[in-house]
Amino acid sequence: MGGIGVVLNPRSRQNRRDPAAASRLARTLGDRGVVRTAQTREDLARIAEDFRKLKIDVLGISGGDGTNHITLTGFLGVYSDEPLPPIAFLRGGTMNTVANAVGVPRGKPDGLLAALIARYNERGKASLRVVERNTMRIDDHYGFIFGTGAIHGYMAEYYRHPEPNPVHAASTLYEASKNVMLGHRTPVAERWEGSVELSGGVRLPMRDYLCIAAGTVDQIGLGFRPFYRSGHVPGRFHILGIHTSALGFVKKLPDIWQARPMGEEHTYDHLAEHAILEARSGVVRYVLDGDLHEHRGPLEMRVGPRVQIVVEHKAGIRPPGGSTFMFPPPWIQPGNS
């Protein structure tokens, strides 16, 4: 059959507010492919098997980072050693960090799908512009952005809001940074105690870390780019053992925004293909592409399959990356404390 196969998560926040999203995408797609909704992981496995048998040319995903990583995990399990088709992130979620990082145009799922179809109609998938990125396999999940400690604390605080959105994400960072600068306690500054063993015999010591963070895309959200070495070496992820204080980290935010290294006095910095995290508590609480997870015992990370991501749906348009937020704001300018 070929064509475009679209997976939609009807349980995502944005799609719950827009129950007609699936039928609207189906009308947009017409006879160029099929739209399927996945309520459960079992649904997702069946959809992946159907799409594999249909030999779809492009896999479209309507949702944010969480929907993307759950869908990729399901499809990689079904496709096994067979490469996935090029992936079109159609956004549709409240958090679209991976799409921003690789240069997916901004827009709504309907518009992105219509532009994708127009380009696909030219010469099929050969007319699509793609970039390649490795995934990371964390336990049995696949994604692009990982973090423990303060990253887990930040996301847990962010999700306490009844309607999480990018504005609330920025205000959560603002409030946490302000509290740190004023010497106040904040749950966002949650730390992680443990050790990390990396490929090549490198071992990060057992100690107190602000966080362990890793990525195969450069951004972590709101346009911040800590993983500035991601993509430099295929088959590696950029991992940081950030051991500075919360205040030291806040003062380095301008460097992280500019994709500059934090310096060895603040972080351990490596490219790795494999890592094992051991928490002193025996439990690793972590974030993968915006989703909160908890793992008991040593947590294994390894580089995952390389995937193609559609980044330009329309000829002649090169979408801007980064974030819509102005930075750095005055409360974290160098010299302000």
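About the cut-offs
- Residues numbered from 1 in each chain as written.
- Predicted model: local features only at pLDDT ≥ 70, side-chain atom pairs only at ≥ 80, totals over all residues.
- Heavy atoms only, no water.
- Helix = DSSP H or I, 4+ residues; strand = E, 2+ residues; numbered from the N terminus.
- Rg over C-alpha atoms; globule rule 2.2 N^0.38 Å.
- Buried < 20%, exposed > 50% of the residue type's maximum accessible area, 1.4 Å probe, protein only.
- Contact = heavy atoms within 4.5 Å.
- Areas by Shrake-Rupley, 256 points an atom, 1.4 Å probe, with all protein chains shown as cover.
- Lys, Arg positive; Asp, Glu negative; His and termini not counted.
- Charge placed at Lys NZ, Arg CZ, Asp CG, Glu CD.
- Expected span 1.5 Å × (residues − 1).
- Pairing = 2+ DSSP bridges.
- Axes fitted to C-alpha atoms, helices over the stretch in contact; angles between N-to-C directions.
- 1 Å grid on protein atoms, 1.4 Å probe; cavity = no way out; pocket = protein on both sides within 12 Å on 5 of 7 lines; lining within 4 Å.
- Points joined across faces, edges and corners; volume = space filled by probe spheres on them.
- Nonpolar A, V, L, I, M, F, W, Y, C, P; charged D, E, K, R; others polar.
- Core = buried A, V, L, I, M, F, W, Y, C linked by side-chain atoms within 4.5 Å.
- Phe/Tyr/Trp six-rings, centres within 6.5 Å; stacked < 30°, edge-to-face > 60°.
- Lys NZ or Arg CZ within 6 Å of the ring centre and 35° of its normal.
- Salt bridge = Lys/Arg side-chain N within 4 Å of Asp/Glu carboxyl O.

Caption draft 1: Broad picture of the overall build of the chain. Scanning the chain from N- to C-terminus turns up ten helices and 16 strands. Its C-alpha atoms give the chain a radius of gyration of 20 Å, near enough to 20 Å, the size a compact globule of 337 residues would have. On the principal axes, the C-alpha backbone points of the chain span a range of 60 × 40 × 35 Å. Sorting the 337 residues of the chain into buried and exposed places 54% on the buried side. Considering only contacts within the chain whose residues lie at least 6 apart along the sequence, 74% involve residues at least 24 apart. As displayed, the chain has an accessible area near 14,900 Å², and 50% of this comes from carbon and sulfur atoms. One finds the centroid of the 41 positive side-chain charges in the chain at a distance of 4 Å from the centroid of its 34 negative side-chain charges.

Caption draft 2: Quick look at helix 8 (residues 166–181). In a regular helix each residue adds 1.5 Å, so 16 residues correspond to 22 Å; helix 8 covers 23 Å between its end C-alpha atoms and thus fits that length. Within the span of helix 8, buried status applies to His168, Ala169, Thr172, Leu173, Ala176, Ser177, Val180 and Met181. The inward-facing, buried residues of helix 8 contact helix 7 (150–158), helix 9 (246–251) and helix 10 (253–257). Remark: Gly183 follows helix 8 within two positions and exhibits a positive phi of approximately 80 degrees.

Caption draft 3: Focus on the pairing of strand 15 (residues 291–296). As paired elements, strand 14 (residues 283–288) and strand 15 share six bridges and run antiparallel to each other. Considered in strand 15, the bridge of Arg285 is made with Glu294. Counted along the chain from strand 14 to the antiparallel partner strand 15, the turn is two residues long, and its residue Asp289 has a positive phi close to 50 degrees.

Caption draft 4: Highlighting the sheet that holds strand 12 (residues 267–272). Across the sheet, which stays open at both edges, the six strands sit in the order 12-11-10-7-14-15 with antiparallel pairing between neighbours. This sheet does not close on itself; its edge strands, each paired only once, are strand 12 and strand 15. Put simply, the sheet's adjacent strands are angled 20 degrees from each other on average, direction ignored. Of the pairings in the sheet, the one linking strand 7 (residues 145–148) to strand 10 (residues 211–215) comprises three bridges and is antiparallel in character. When the bridges of strand 10 are listed, Phe146 appears paired with Ala214.

Caption draft 5: Summary view of the layout of surface pockets. Taken as a whole, the largest pocket spans an internal volume of roughly 920 Å³. Lining of the largest pocket is provided by 49 residues; of these, Tyr154, Ile220, Gly221, Leu222 and Phe224 occupy positions nearest its centre. Secondary structure elements with two or more residues in the lining of the largest pocket: helix 5 (97–102), strand 7, helix 7, helix 8, strand 10, helix 9 and helix 10. When residues of the lining of the largest pocket are assigned to their parent elements, the largest contribution, six residues, is made by helix 8. Here the residues of the lining of the largest pocket are counted per class, giving 31 nonpolar, 14 polar and four charged.

Caption draft 6: A look at the nonpolar core. Counting 57 residues, the largest nonpolar core has Phe51, Phe75, Phe89 and Phe144 as the members making the most contacts within it. In this view, Phe75 contacts Val7, Leu44, Ile47, Ala48, Phe51, Leu59 and Leu84; residues no more than four positions away in its chain are not counted. Ranked by size, the runner-up nonpolar core spans 21 residues in total, among them Trp192, Val196, Ile212 and Leu277.

Caption draft 7: Spatial organisation of the packing of aromatic side chains. All told, the structure shown has eight aromatic pairs when counted by the stated rule. Look at Phe75 and Tyr79: their rings are 6.0 Å apart centre to centre, the planes differ by 25 degrees, and that puts the pair in the stacked class. In this pair, Phe75 and Tyr79 both sit in helix 4 (residues 65–79), four residues apart, roughly one turn of the helix. Relative accessible area serves as the criterion here: at 0%, Phe75 is assigned to the buried category. Measuring from centroid to centroid gives 6.5 Å for Tyr154 and Tyr158, while their planes differ by 5 degrees, and the two rings are stacked. Of this pair, Tyr154 and Tyr158 are both found in helix 7, four residues apart, which corresponds to roughly one turn of the helix. It is Arg207 that lies over the ring of Tyr209; its NZ or CZ is 5.9 Å from the centre.

Caption draft 8: Layout of the pattern of salt bridges. Tallied over the entire structure, the rule returns 21 salt bridges. Among the ionic pairs, Glu82 bridges to Arg52, the shortest N-O distance being 3.9 Å. Of this pair, Glu82 sits in the loop between helix 4 and strand 4 (87–92) while Arg52 is found in helix 3 (residues 41–54), placing the two residues 30 residues apart along the sequence. The partner of Asp208 in a salt bridge is Arg191, and the shortest N-O contact between them spans 2.3 Å. Taken together, the residues span a long stretch of sequence, with Asp208 in strand 9 (residues 203–209) and Arg191 in the loop between helix 8 and strand 8 (192–198) at a distance of 17 residues. Look at Arg191 and you get partly exposed, because its relative accessible area is 30%. One connected set of salt bridges, linked through shared partners, spans Glu49, Arg52 and Glu82.

Caption draft 9: Spotlight on the environment of Gly92. Structurally, the position occupied by Gly92 is in strand 4. Spatially, the C-alpha atom of Gly92 lies 5.7 Å from that of Pro109, the residues being 17 residues apart in sequence.

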